[in-house]
Amino acid sequence: MRNFKIPPEYLGFLYFLWFEFAIIDKRKFMEEYSIVSFMPDWAFVTLSIIFLAALLYLFIKIFIIKPAFFYYIEDNLYKIKWKWRWKKDKIIELYCFCPKCEDRLVYDDTSCKDSYSLNKETKFICEKCHFSSSLSGGDISYSLNIIEREINRKVRLDIYEK
Ligand SMILES: [Zn+2]
């Protein structure tokens, strides 16, 4: 929808077409709402165009133009490449990839299963090139939470790469 322009020579033609259709509608309206009959044709047509333009503007603003962060869908965080999607302002389908070979990483958070373990961490491993990295503090959902918070922080402070 960016840079969408109607060539000026078409505008007159569109107005003419609209005029024809709107007048037919106006005659239908007149049968039900007497107020319309006081209005001159040109006023009715112009008002209906303004009304529709406002509706169209709202529609585009709400459904078509996404906020800038919708295009922020990958980043390197904690030495790992992350990709995700946005659903409204929620992060969904957050996946991790190898920063070297782009393969999907597997994780290992078995250290968190042992409740006496002091060194809780989630390891992220590339089975293809043996790259590995880890996030300390907790299991996979804890680690994903850290990443989500970091993404949200960058969006909030507007410091993500565009
Ligand atoms: Zn790899």
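Residues numbered from 1 in each chain as written. Predicted model: local features only at pLDDT ≥ 70, side-chain atom pairs only at ≥ 80, totals over all residues.

### Considering the overall build of the chain
Definition in use: Secondary structure elements follow DSSP: runs of H or I of four or more residues count as helices, runs of E of two or more count as strands, with numbering from the N terminus. We compute the radius of gyration over the C-alpha atoms and compare it with the globule rule, which gives 2.2 Å times the number of residues raised to the power 0.38. Residues with at least 20 other C-beta atoms within 10 Å of their own are called buried, those with 12 or fewer are called exposed, and the rest are partly exposed. The C-beta atoms themselves are positioned from the backbone. Once C-beta atoms have been placed from the backbone, residue pairs whose C-beta atoms lie within 7 Å are recorded as contacts.
On a plain count of helices and strands, the chain comes out with three helices and six strands. Against the compact-globule benchmark of 15 Å for 162 residues, the chain has a radius of gyration of 28 Å, which places it well outside the compact range. Referenced to the eigenvectors of the C-alpha coordinate spread, the extents of the chain come out at roughly 85 × 35 × 25 Å. Buried residues in the chain amount to 10% of all 162 residues. Considering only contacts in the chain between residues 6 or more positions apart, those separated by 24 or more positions represent 36%.

### Let's talk about the sheet that holds strand β3 (residues 90-97)
Condition: Two strands qualify as a pair provided DSSP detects at least 2 bridges between them. Lines fitted to the C-alpha atoms define the axes, with helices restricted to the stretch that makes contact. Angles between their N-to-C directions range from 0 to 180 degrees.
The three strands lie next to each other as β1-β2-β3, forming an open sheet whose pairing is antiparallel. The sheet is open, and its two borders are formed by β1 (74-77) and β3, each paired with just one other strand. Going across the sheet, the axis of each strand differs from the next one's by a mean of 30 degrees, ignoring polarity. As judged from the four bridges shared by β1 and strand β2 (residues 80-87), these two strands associate in the antiparallel manner.

### A closer look at the domain arrangement of the chain
Put simply, the rule reads: Domain start and end points were adopted from an automatic or database domain assignment.
Examined at the domain level, the chain breaks down into domain 1 (8-65) and domain 2 (69-157). Put simply, the middle of domain 1 and the middle of domain 2, counted by C-alpha atoms, are 52 Å apart.

### Description of the sheet that holds strand β6 (residues 132-136)
Pairing is antiparallel across the open sheet formed by three strands, whose spatial order is β4-β5-β6. Strand pairing shows two members of the sheet lacking a second neighbour, β4 (106-108) and β6, which therefore form its edges. With strand direction ignored, the average angle separating the axes of adjacent strands in the sheet is 25 degrees.

### Some thoughts on the nonpolar core
Applicable threshold: A set of buried Ala, Val, Leu, Ile, Met, Phe, Trp, Tyr and Cys residues, joined through C-beta atoms within 7 Å, is what we mean by a nonpolar core.
If you look at the biggest cluster of nonpolar residues, it comprises eight residues: Ile-80, Trp-82, Trp-84, Cys-96, Cys-98, Leu-105, Phe-124 and Cys-126. Per-element tally for this core: the top contributor is β2, with three residues. With near-sequence residues (within four places) excluded, Trp-82 lies in contact with Glu-74, Asp-75, Leu-77, Leu-94, Cys-96 and Ile-147.

### Focus on the pairing of strand β5 (residues 121-125)
Only one face of β5 is buried, namely the one carrying Thr-122 and Phe-124, since none of Glu-121, Lys-123 and Ile-125 on the opposite face is buried. For β4 and β5, the ladder comprises three bridges, and the chain directions are antiparallel. When the sheet's bridge partners are listed, Tyr-107 is paired in β5 with Phe-124. Judged from the five bridges that link them, β5 and β6 form a sheet pairing that is antiparallel. Bridged to Lys-123 within β6 is Ser-134.

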